[in-house]
Number of protein chains: 2
Amino acid sequence: MKKLLNTADSFVRDTMEGIEAAYGDRVGLLDGDYRVLVSRYPTRQDKVGVVTAGGSGHLPLFLGYVGQGLLDGCAVGEVFASPSAQKMADMIRACDRGRGVLCLYGNYNGDLFNFRMACDDVDLDDIETRQVLARDDVASAPPEEASRRRGVAGLVLAFKTAGAAAQEGLGLEEVAAVAQRTLDRTRTIGFALSPCVVPRVGEPTFSVGEDDIEVGMGIHGEAGIETRPMMSAHEVAQLAVETIEADMPLSEGEEVCVMVNGLGATPLEEQLIVYRSVHSLLSARGVGIVMPHVGEYATSMEMAGLSVTVLRLDDQLRGLLQAPAVSPFYTATSAGTSR
Amino acid sequence: MKKLLNTADSFVRDTMEGIEAAYGDRVGLLDGDYRVLVSRYPTRQDKVGVVTAGGSGHLPLFLGYVGQGLLDGCAVGEVFASPSAQKMADMIRACDRGRGVLCLYGNYNGDLFNFRMACDDVDLDDIETRQVLARDDVASAPPEEASRRRGVAGLVLAFKTAGAAAQEGLGLEEVAAVAQRTLDRTRTIGFALSPCVVPRVGEPTFSVGEDDIEVGMGIHGEAGIETRPMMSAHEVAQLAVETIEADMPLSEGEEVCVMVNGLGATPLEEQLIVYRSVHSLLSARGVGIVMPHVGEYATSMEMAGLSVTVLRLDDQLRGLLQAPAVSPFYTATSAGTSR
């Protein structure tokens, strides 16, 4: 499978240098280290830091949310691999302004292990940290084992609310509580139509049948709930809403944020067609949608497919979601998102 | 090839309904007609109208640039097919505020034929129009036949400058002149790695060899300059810059806008890796880059590949490019673009 790159070994470095070349006035490498991106947007100096980390290959996740009203920093590893604890610790130190740092990331063993080490490390410098993990993928474990669930696209909405809370000047405990509440009220399910290629592997690391759709497949190709014959856009939307509602009931009159997230190769037209059905299904039962997100927010390189995320809002979360935020890859205004 | 849709016949309608469902507070269907999208952003009432039209299947082109400081309206046809003259005329009438309407679109026979009819039609109502065509694809004809060249991603930069000129209150002649000058100074070349699937056809309408890259292929799969064995990202950037410079020389000390545009299935990482090389090649010869655009701006559904566009700026065009603009799919601020 063909990829537009120089060498597999320089894939992450070249990507990071591309980000710095394009957007170096707004974000930049920490001390020239291509493993850590930090915000250069103007910001208040008494702000709690909000950071993340994860494997490469998911742009705009994770790097694309370093910005204003979003993340202060992001450490990245190789494609689909965690960065080291050392890089995470460097980032946390750089993003602390004396009020502590929230580490907000997906529930994967490598990231969890390394972030714990990094937090222990910076504790020696009296930097206070909190860790909040995204476990929004309903397909990755049954409800009784929800703590095992993986973090996927829903994490982006927690970046948004926690980033806004930090921007407002809230303290570390409060910012962490906002992130946790956001994720407690967020569910995602993904659908994969084709695999992706890790540069160093050079061929698909898993397969999807020619006429099949994988329901609940993870963003690294982790097995999902089931394999089905290819479904229509409306059937995908129905199954997504049903699966999410079975795990997190929605009530008439309540408001949610919906994200339809393209995994990489799926055209925006198709994402909008699925959104159309999600919108009509939720509207029909009296659930309002605030600030829909339709586009590529968390990808798996050239994987075809999409995920559907629902976040149940309350007054505070709605306000934080709609607060202005900007990065080179994401914009939110009171009028909504804009890409 | 699998697509997330309901029926091929409802592909465009469903997409348009998805746009209205997601962004109906900012853009909307004209009188409920799914062939015409118009801006609902607040705007000055003495503004020249700027509109476009084209086939579906290229999102965010064309619909995604209906917004504020951008386009007032867009008519769309079926996938890769022109809308009718009637829909274009409806749109022009809706977007005229007494100061005339600029029709700004790509050089394709169907669009040209229909826009001419539409302009004749609205002339009966004393609506003044001007037509400016994008012919930025250097690979589609040699310099001596430049008038035959197709319009591709460079059109987006003309939407931006002409939209800003209209927003500033300039008259129809002046707005048309801005669009024309932008396009006179814009060149694009595309590279395709894989084909795309038109929903009603259901299989790829052209092919790209397993280990090949098509240099200069058009956004509907039109033949390009040559087929080459797969190239590295840096080689692609080199060939792009060389080809553009051979057609439009760049001078040390001048400033350009660069767009690296993903055609659909190519990951953002790879687009950034190509941008990195374009940036370093231009920087090395003393050409400055203003407001780089890296992302999907004009796609061919799930085609893999990308295009590189260079716009030679002058003081007026730089200012118009950097003027604030927003749509559900595009944001520009003085700090740069943001997706």
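Residues numbered from 1 in each chain as written. Chains lettered and ligands numbered in written order. Predicted model: local features only at pLDDT ≥ 70, side-chain atom pairs only at ≥ 80, totals over all residues. Heavy atoms only, no water.

Caption draft 1: Local environment of the UniProt feature "domain: DhaK" (unreviewed entry) in chain A. With numbering matched to this structure, UniProt assigns "domain: DhaK" (unreviewed entry) to residues 7–330 of chain A. Helix and strand shares over residues 7–330 of chain A are 32% and 25% respectively, and the end C-alpha atoms of the span are 28 Å apart. (UniProt positions renumbered as here; feature names shortened; annotations may be inferred. Helix = DSSP H or I, 4+ residues; strand = E, 2+ residues; numbered from the N terminus.)

Caption draft 2: Structural detail: the packing of aromatic side chains. All names here are of chain A. Counting across every chain of the model gives ten aromatic pairs over all chains. Taken together, a centroid distance of 5.3 Å and an interplanar angle of 70 degrees make the contact between Tyr23 and Phe329 edge-to-face. Placement of the pair is Tyr23 in helix H1 (residues 11–23) and Phe329 in the loop between strand S14 (325–327) and strand S15 (330–333), with a sequence separation of 306 residues. Residues Tyr23 and Phe329 agree in their burial class; the two are buried. Ring centres 5.8 Å apart and planes at 45 degrees place the aromatic pair Tyr65 and Phe159 in the tilted group. Here the residue Tyr65 occupies a position in the loop between strand S3 (49–56) and strand S4 (73–79), and Phe159 occupies one in helix H4 (residues 155–167), the gap between them amounting to 94 residues. The class of Tyr65 is buried, set by a relative accessible area of 0%. Taking the relative accessible area as the measure of exposure, Phe159 reaches 0% and is therefore buried. (Phe/Tyr/Trp six-rings, centres within 6.5 Å; stacked < 30°, edge-to-face > 60°. Buried < 20%, exposed > 50% of the residue type's maximum accessible area, 1.4 Å probe, protein only.)

Caption draft 3: Focus on the sheet that holds strand S6 (residues 129–134) of chain A. Residue and element names in this part refer to chain A. Taken in spatial order, the six strands make up an open sheet running S1-S2-S4-S3-S5-S6, and their pairing is mixed. For this open sheet the edge positions go to strand S1 (27–30) and S6, each flanked by a neighbour on one side alone. Within the sheet, the average angular offset between the axes of one strand and its neighbour, ignoring direction, is 25 degrees. For strand S5 (residues 101–106) and S6, the ladder comprises six bridges, and the chain directions are parallel. In the sheet register, Cys103 faces S6, and the bridge partner there is Gln131. Of the strands in this sheet, S1, strand S2 (33–39), S3 and S4 are in contact with H1, which crosses S2 at around 35 degrees. The strands touched by helix H5 (residues 172–184) within the sheet are S3, S5 and S6, with S6 carrying the most contacts at an inclination of about 5 degrees. (Pairing = 2+ DSSP bridges. Axes fitted to C-alpha atoms, helices over the stretch in contact; angles between N-to-C directions. Contact = heavy atoms within 4.5 Å.)

Caption draft 4: Expanded view of the pairing of strand S7 (residues 186–194) of chain B. Residue and element names in this part refer to chain B. Burial analysis of S7 places eight of its nine residues in the buried class, the great majority of the element. The pairing of S7 with strand S8 (residues 212–215) spans two bridges and is antiparallel. Each residue of the ladder has a partner; that of Ala192, found in S8, is Glu214.

Caption draft 5: Layout of the interface of chain A and chain B. Contact residues are listed per partner, giving 63 residues for chain A and 63 residues for chain B. A salt bridge links Arg276 of chain A to Glu17 of chain B, with the shortest nitrogen-to-oxygen separation between them at 2.7 Å. The interface formed by chain A and chain B contains 22 residue pairs in polar contact (both at pLDDT 80 or more). Considering only residue class, the side of chain A that touches chain B consists of 32 nonpolar, 16 polar and 15 charged. (Salt bridge = Lys/Arg side-chain N within 4 Å of Asp/Glu carboxyl O. Polar contact = N/O pair within 3.5 Å; in protein donor to acceptor, adjacent residues only side chain to side chain. Nonpolar A, V, L, I, M, F, W, Y, C, P; charged D, E, K, R; others polar.)

Caption draft 6: Just the domain arrangement of chain A, in detail. Residues and elements named next belong to chain A. The domains assigned to chain A are domain 1 (11–184) and domain 2 (186–315 + 330–338). At the junction of the two partners, domain 1 supplies 29 residues and domain 2 supplies 34 residues. For the pair domain 1 and domain 2, the interface holds three salt bridges. For the salt bridge of Glu78 with Arg200, the shortest nitrogen-to-oxygen distance reads 3.2 Å. For the pair domain 1 and domain 2, the number of links is 14 residue pairs in polar contact (both at pLDDT 80 or more). Contributions of two or more residues to the side of domain 1 that touches domain 2 are made by S4, H4 and H5. Here the side of domain 1 that touches domain 2 gets four residues from one element, more than from any other, and that element is H5. The residue inventory of the side of domain 1 that touches domain 2, partitioned by class, reads 17 nonpolar, four polar and eight charged. (Domains from an automatic or database assignment.)

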